[in-house]
Amino acid sequence: MDEKKLKMPHNLVMEDRKVLSITGVSDVDSFDESTIIVFTDIGELTVRGSDLHIRNLNIEAGEVSLEGKISSLTYADTMPKQAGFFSRVFR
């Protein structure tokens, strides 16, 4: 990763394992009711659970909030080379 690139601050705020607010998001790769995958400057974040729904999405501000029953958060250090779902949709 190019260290000269300006990075957005990345934060997670979870409330009662039901609501998750994420900042520093550069794109959303995929989502369904059991898995949401977002890209951040520090790696790919996978949120797993049940009845997951995106409540708010603002890629320009780097913010995503979701709700549902959250069971795990997992980071992958490598970023995929292809564009995410919303990058492909909003071209």
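It is worth spelling out a nonpolar patch on the surface at this point. A surface patch of nonpolar side chains, about 400 Å² in accessible area, is lined by Leu12, Met14, Ile42, Leu73 and Tyr75. Contributions of two or more residues to the nonpolar patch are made by β1 (11-15) and β6 (63-76). Within the secondary structure layout, leucine 73 lies in strand β6.

Here we take up the pairing of β6. Judged from the 5 bridges that link them, strand β2 (residues 19-23) and β6 form a sheet pairing that is antiparallel. Residue pairing across strands places serine 21 opposite serine 65, the latter belonging to β6. Between the antiparallel neighbours strand β5 (residues 43-58) and β6 lie 4 residues, among them glycine 62 with a positive phi of about 75 degrees.

The next point concerns the pairing of β2. In the sheet, β1 pairs with β2 via 5 bridges, with the strands oriented antiparallel. From the neighbouring strand, asparagine 11 faces β2, where its bridge partner is threonine 23. Between the end of β1 and the start of β2, which pair antiparallel, lie 3 residues, with aspartate 16 showing a positive phi angle near 55 degrees.

Further remarks concern the pattern of salt bridges. Applying the stated criterion across every chain, the model contains 1 salt bridge. Here glutamate 67 ties to arginine 55 by a salt bridge, and the two come within 3.8 Å at their closest N and O atoms. With a gap of 12 residues between them, glutamate 67 in strand β6 and arginine 55 in strand β5 connect regions that are remote in the sequence. A relative accessible area of 33% places glutamate 67 in the partly exposed class.

Quick look at the nonpolar core now. The biggest cluster of nonpolar side chains holds 12 residues, and these are Leu20, Ile22, Val25, Val28, Ile36, Val38, Leu45, Val47, Leu52, Val64, Leu66 and Ile70. Going through the elements one at a time, β2, β3 (25-31), β4 (35-40), β5 and β6 are the ones with two or more residues in this core. For leucine 20, the residues in contact, after removing those within four places along its chain, are Leu12, Val13, Met14, Val47, Val64, Ser65, Leu66, Ile70 and Leu73.

Rules of the game
- By convention here, each chain's residues receive numbers from 1 onward along its written sequence.
- Residues qualify for local features only when their pLDDT is at least 70, as the model is predicted, and side-chain atom pairs are given and counted only at 80 or more; totals for whole chains, interfaces and linings, by contrast, use all residues.
- Computation of side-chain values: all heavy atoms of the structure, hydrogens and water removed.
- Each patch is built from salt-bridge-free residues with over 30% relative accessible area, joining like charges within 9 Å and nonpolar side chains (Val, Leu, Ile, Met, Phe, Trp, Tyr) within 5 Å.
- Note on areas: these come from Shrake-Rupley sampling with a 1.4 Å probe, and a residue is covered only by the protein chains present in the view.
- Salt-bridge detection follows one rule: a side-chain nitrogen of Lys or Arg within 4 Å of a carboxyl oxygen of Asp or Glu.
- Secondary structure elements are taken from DSSP: a helix is a run of H or I of four residues or more, a strand is a run of E of two residues or more, and numbering for both begins at the N terminus.
- By the convention used here, strands pair only if DSSP detects at least 2 bridges between them.
- To sort residues, take the accessible area from a 1.4 Å probe on protein chains only and compare it with the maximum for the residue type: under 20% means buried, over 50% means exposed, and anything in between is partly exposed.
- Residue types Ala, Val, Leu, Ile, Met, Phe, Trp, Tyr and Cys, when buried and joined through side-chain atoms within 4.5 Å, form a set referred to as a nonpolar core.
- Contacts are assigned to residue pairs with any non-hydrogen atoms lying within 4.5 Å of each other.

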